[in-house]
Amino acid sequence: MILYHGSYITIEDPDLIHSRKNVDFGKGFYTTPIYDQAKPWCGKFLRRNRDGIISKYRFDESGCGSLKILRFDTYSEEWLDFILSCRSGHDTSDYDIVSGGVANDRVFNTVELYYEQLIDKAEAIKRLRYEKPSLQIAFRSEAALSCLHYEGSEKL
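The structure reproduced in this document is the subject of the present report. Values in this document were obtained by computation on a predicted structure and should not be read as measured data.

### With respect to unusual backbone geometry
Turning to step 1, where the next piece is worked out: For Asn49, which is not a glycine, the phi torsion comes out positive at approximately 60°.
Turning to step 2, where the next piece is worked out: As for its position among the elements, Asn49 is in the loop between helix H2 (43–47) and strand E3 (53–59).
Turning to step 3, where the next piece is worked out: Notably, Gln117 is not glycine yet its phi reads approximately 65°, a positive angle.
Turning to step 4, where the next piece is worked out: For Gln117, the position within the fold is in the loop between helix H4 (105–115) and helix H5 (121–128).

Listed below in structure tokens is the structure:
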């Protein structure tokens, strides 16, 4: 599988040192199999007059059979709970790889309404059903990162 990462620099050797921890799936190196999704990830750098660079990787899934992987195929109660746990800094899970929908601005508005207890979980899930899931894959351990192989980069 080919994956992309949007940044302001080429990243040949992804690491966890430069990762933020209170994001969707916790501390990790974030990628997507959707090229057109990686481009907007470069947007904040381009707006700051920096380069926007998309790095490309081959993900060797066959070599990752022993890793602990969590997949969210849709926005769900489990996804919502996991996102809130990670974003609030309370994630204690030991998943090597987590994949699922992005809590982008539109999605996160619903998540925040739920977090602030302005809507209940059932209403949050009902609203999220109308959002087209994007896909992010977070590599959260060194073992997981070893399954990524740099293929090149492109400056936007």
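### Side note on the state of the cysteines
Turning to step 1, where the next piece is worked out: Across all of its chains, the model carries one disulfide by this definition.
Turning to step 2, where the next piece is worked out: Residue pairing for Cys64: its cysteine sulfur links by disulfide to Cys147, the two sulfurs lying 1.8 Å apart. Residue Cys64 is located in the loop between E3 and strand E4 (69–71), and its partner Cys147 is located in the loop between helix H6 (142–145) and strand E7 (148–155); the two are separated by 83 residues in the primary sequence. For the residue pair Cys64 and Cys147, the accessibility class agrees, reading buried in each case.
Turning to step 3, where the next piece is worked out: The thiol of Cys86 is not disulfide-bonded; the next cysteine sulfur, from Cys64, is found 19 Å away.
Turning to step 4, where the next piece is worked out: Residue classification places Cys86 among the buried residues on the basis of a relative accessible area of 1%.

### Details of the environment of Asn109
Turning to step 1, where the next piece is worked out: Structurally, Asn109 is set in helix H4.
Turning to step 2, where the next piece is worked out: Here the alpha-carbon distance between Asn109 and Leu3, two residues 106 residues apart in the chain, equals 27 Å.

### Things to note about the side chain of Ser141
Turning to step 1, where the next piece is worked out: Mapped onto the fold, Ser141 is located in the loop between strand E6 (136–139) and H6.
Turning to step 2, where the next piece is worked out: Here Ser141 falls in the buried class, since its relative accessible area comes to 13%.
Turning to step 3, where the next piece is worked out: Excluding residues within four positions of it along the chain, Ser141 makes contact with Leu16 and Asp96.

The rules we used
Residues numbered from 1 in each chain as written. Predicted model: local features only at pLDDT ≥ 70, side-chain atom pairs only at ≥ 80, totals over all residues. Heavy atoms only, no water. Helix = DSSP H or I, 4+ residues; strand = E, 2+ residues; numbered from the N terminus. Disulfide = S-S within 2.5 Å. Buried < 20%, exposed > 50% of the residue type's maximum accessible area, 1.4 Å probe, protein only. Contact = heavy atoms within 4.5 Å.

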